[in-house]
Amino acid sequence: MFTGLVEQKGLIKSFKKNTDGFLMTISHDHSFNVEINDSVSCSGVCLTVIEKTLETFTVQLVNETMQRTNASDWDEGNLLNLERALLPSTRMGGHFVQGHIDGLVKVLNIQFFDKSSTWTFEMTSNINKYIVEKGSIAINGVSLTIAKKNEESFEVAMIPHTIEMTSFCEIKIGDNVNIEVDILGKYIENFVNGKK
């Protein structure tokens with residue numbers, strides 16, 4: 001479980017195909033301490049550390065992950081948003097994020113102001129019912145608030161700090177991003193449907 005508050009950006013050092021999918025090694029600042037078997041959110045995708053050094057860790061991406069996320073677009077030199085799993089003592093500043101991607105959507109528009117910006121994403125049928133104005137959503141692992149819901153799109157506003165601290169500094173119109181809707185909405189839907 002994660003909060004969607006990115007701790008730092010990691011750089012893909014190697015991305016190599018193997019029989020199970022892809023092995024990916026990410027370099028990071030030495031302050032980002034991980035151990036083997038730790039769960040790490042990599043741009044919203046929950047992955048398990050299988051090897052580590054002081055400033056890198058390696059994860060296995062299976063074919064299922066490659067098909068359901070934008071990991072198929074990743075390559076050496078790309079930046080990823082990194083967050084370690086929650087501890088019982090962690091302050092909750094974002095919202096509950098599982099690292100289980102619900103789908104991919106495209107960036108339709110980016111409107112920059114002075115340093116802040118408004119981002120417009122396409123609305124797909126599988127997430128439409130979970131998108132609520134002022135509700136939470138995780139985009140590439142970043143906890144964001146939905147500013148506006150339109151018929152075929154939704155918008156989020158970003159402060160300069162978010163763009164600077166995350167891989168959104170590299171994202172452009174037309175790119176695919178990982179979406180995880182708020183798990184609370186899915187639980188409520190399940191309970192309501194179970195009573196029908």
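See the structure printed just above.
What comes next concerns the included structure.

The rules we used
- Residues numbered from 1 in each chain as written.
- Predicted model: local features only at pLDDT ≥ 70, side-chain atom pairs only at ≥ 80, totals over all residues.
- Heavy atoms only, no water.
- Helix = DSSP H or I, 4+ residues; strand = E, 2+ residues; numbered from the N terminus.
- Buried < 20%, exposed > 50% of the residue type's maximum accessible area, 1.4 Å probe, protein only.
- Core = buried A, V, L, I, M, F, W, Y, C linked by side-chain atoms within 4.5 Å.
- Salt bridge = Lys/Arg side-chain N within 4 Å of Asp/Glu carboxyl O.
- Pairing = 2+ DSSP bridges.
- Axes fitted to C-alpha atoms, helices over the stretch in contact; angles between N-to-C directions.
- Phe/Tyr/Trp six-rings, centres within 6.5 Å; stacked < 30°, edge-to-face > 60°.

Here the focus is unusual backbone geometry. Although it is not a glycine, S43 adopts a positive phi angle of roughly 50 degrees. Secondary-structure assignment places S43 in the loop between β3 (39–42) and β4 (45–52). The buried category is assigned to S43, whose relative accessible area is 2%.

As a rule of thumb, soluble globular proteins bury nonpolar side chains together. Residues W119, F121, I139 and F154 are the most contacted members of the largest nonpolar core, which totals 24 residues. Put simply, the parts of the chain that give this core at least two residues each are β7 (103–112), β8 (117–122), β9 (136–139), β10 (142–149), β11 (153–158) and β12 (176–181). V34, V45, L47 and L61 belong to the second largest nonpolar core, which has 21 residues in total.

On to the pattern of salt bridges, then. A full pass over the atoms with the stated rule returns six salt bridges. Where E7 meets R84, a salt bridge forms, and the shortest distance between an N and an O atom there is 2.6 Å. Here the residue E7 occupies a position in the segment before β1 (8–18), and R84 occupies one in strand β6 (residues 79–84), the gap between them amounting to 77 residues. Overall, R84 belongs to the partly exposed group, its relative accessible area being 28%. In this structure, the salt-bridge partner of K52 is E35, at a minimum N-O distance of 3.6 Å. Taken together, the positions of K52 in strand β4 and E35 in the loop between β2 (21–27) and β3 put the pair 17 residues apart, joining distant regions of the chain.

Pairing is antiparallel in the closed barrel, where six strands are placed in the order β1-β2-β5-β4-β3-β6. Across the sheet, the mean angle separating the axes of adjacent strands is 45 degrees when strand polarity is ignored. When β3 meets β4, the two strands line up antiparallel, connected through four bridges. Within β4, the position partnered with V40 by the bridge is L47.

This part takes up the packing of aromatic side chains. For any pair of aromatic rings, geometry is given as the distance between the ring centres together with the angle between the planes. Throughout the structure, instances matching the rule amount to six aromatic pairs. Taking 4.9 Å as the distance between ring centres and 20 degrees as the angle between the ring planes, the aromatic pair formed by F15 and F22 counts as stacked. F22 matches F15 in its accessibility class, with the two residues each being buried. Between the aromatic rings of Y187 and F191, the centroid separation amounts to 6.4 Å while the plane-to-plane angle is 20 degrees, which identifies the pairing as stacked.

For β2, the tally of buried residues reaches five of seven residues, placing the bulk of the element in the interior. Across seven bridges, the pairing between β1 and β2 is antiparallel. Along β2, the bridge assignment pairs N18 with G21. The pairing of β2 with strand β5 (residues 56–62) spans seven bridges and is classified as antiparallel. Looking at β5, one finds that F22 is bridged to L61.

That is the geometry; function is a separate question.
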